[in-house]
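What the coordinates show
Residues per chain are reported as follows:
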Amino acid sequence: MTPDEAREKFGRRIQRCASCYVAFYVKDLWWADDGNYYCQHCQADYPGVAVHFSDYAQDFDFSQLPSLHE
């Protein structure tokens, strides 16, 4: 699996927003300093929310995650 394929597969995982609890794909969420994910609507309410998935996914090697090889 190439790094781009692994990034796309990980981005299709479902995660709930830590504020409104609505489920979204990880690729549509923002990552906060506390490790929680927030949706587009809630991320403006939390000052620690800094990075969108597409921004931090470029520097992360998802091919090393064992769960993606299942």
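Preceding block: the structure.
One structure accompanies this document, and this report is about it.

Attention shifts here to the packing of aromatic side chains. Taken as a whole and judged by the stated rule, the model has three aromatic pairs. Measuring from centroid to centroid gives 6.3 Å for F10 and F53, while their planes differ by 20°, and the two rings are stacked. Here F10 is found in helix 1 (residues 3-11), whereas its partner F53 is found in helix 2 (residues 53-57), with 43 residues between them in sequence. As far as the burial class goes, F10 and F53 line up, both buried. Look at W31 and Y56: their rings are 5.4 Å apart centre to centre, the planes differ by 45°, and that puts the pair in the tilted class. Here W31 is found in strand 3 (residues 30-32), whereas its partner Y56 is found in helix 2, with 25 residues between them in sequence. Taken together through their ring pairs, the aromatic side chains of F10, W31, F53 and Y56 make up a single cluster. We note K27 situated over the ring of Y25; from NZ or CZ to the ring centre the distance is 5.5 Å.

Inspection of every chain in the model, using the stated rule, returns one salt bridge. Two residues, R7 and D4, come together in a salt bridge whose shortest N-O distance is 2.6 Å. Taken as a pair, R7 and D4 lie in helix 1 at a separation of three residues, close to a single helical turn.

Spatially, 4-3-5 is the arrangement adopted by the three strands of the open sheet, whose pairing is antiparallel. What marks the edges here is a single partner per strand, and that holds for strand 4 (37-38) and strand 5 (49-52). Bridge count between strand 3 and strand 5: three bridges; the pairing is antiparallel. Across the sheet, W30 pairs through a bridge with H52, a residue of strand 5.

Definitions and limits used
Residues numbered from 1 in each chain as written. Predicted model: local features only at pLDDT ≥ 70, side-chain atom pairs only at ≥ 80, totals over all residues. Heavy atoms only, no water. Phe/Tyr/Trp six-rings, centres within 6.5 Å; stacked < 30°, edge-to-face > 60°. Helix = DSSP H or I, 4+ residues; strand = E, 2+ residues; numbered from the N terminus. Buried < 20%, exposed > 50% of the residue type's maximum accessible area, 1.4 Å probe, protein only. Lys NZ or Arg CZ within 6 Å of the ring centre and 35° of its normal. Salt bridge = Lys/Arg side-chain N within 4 Å of Asp/Glu carboxyl O. Pairing = 2+ DSSP bridges.

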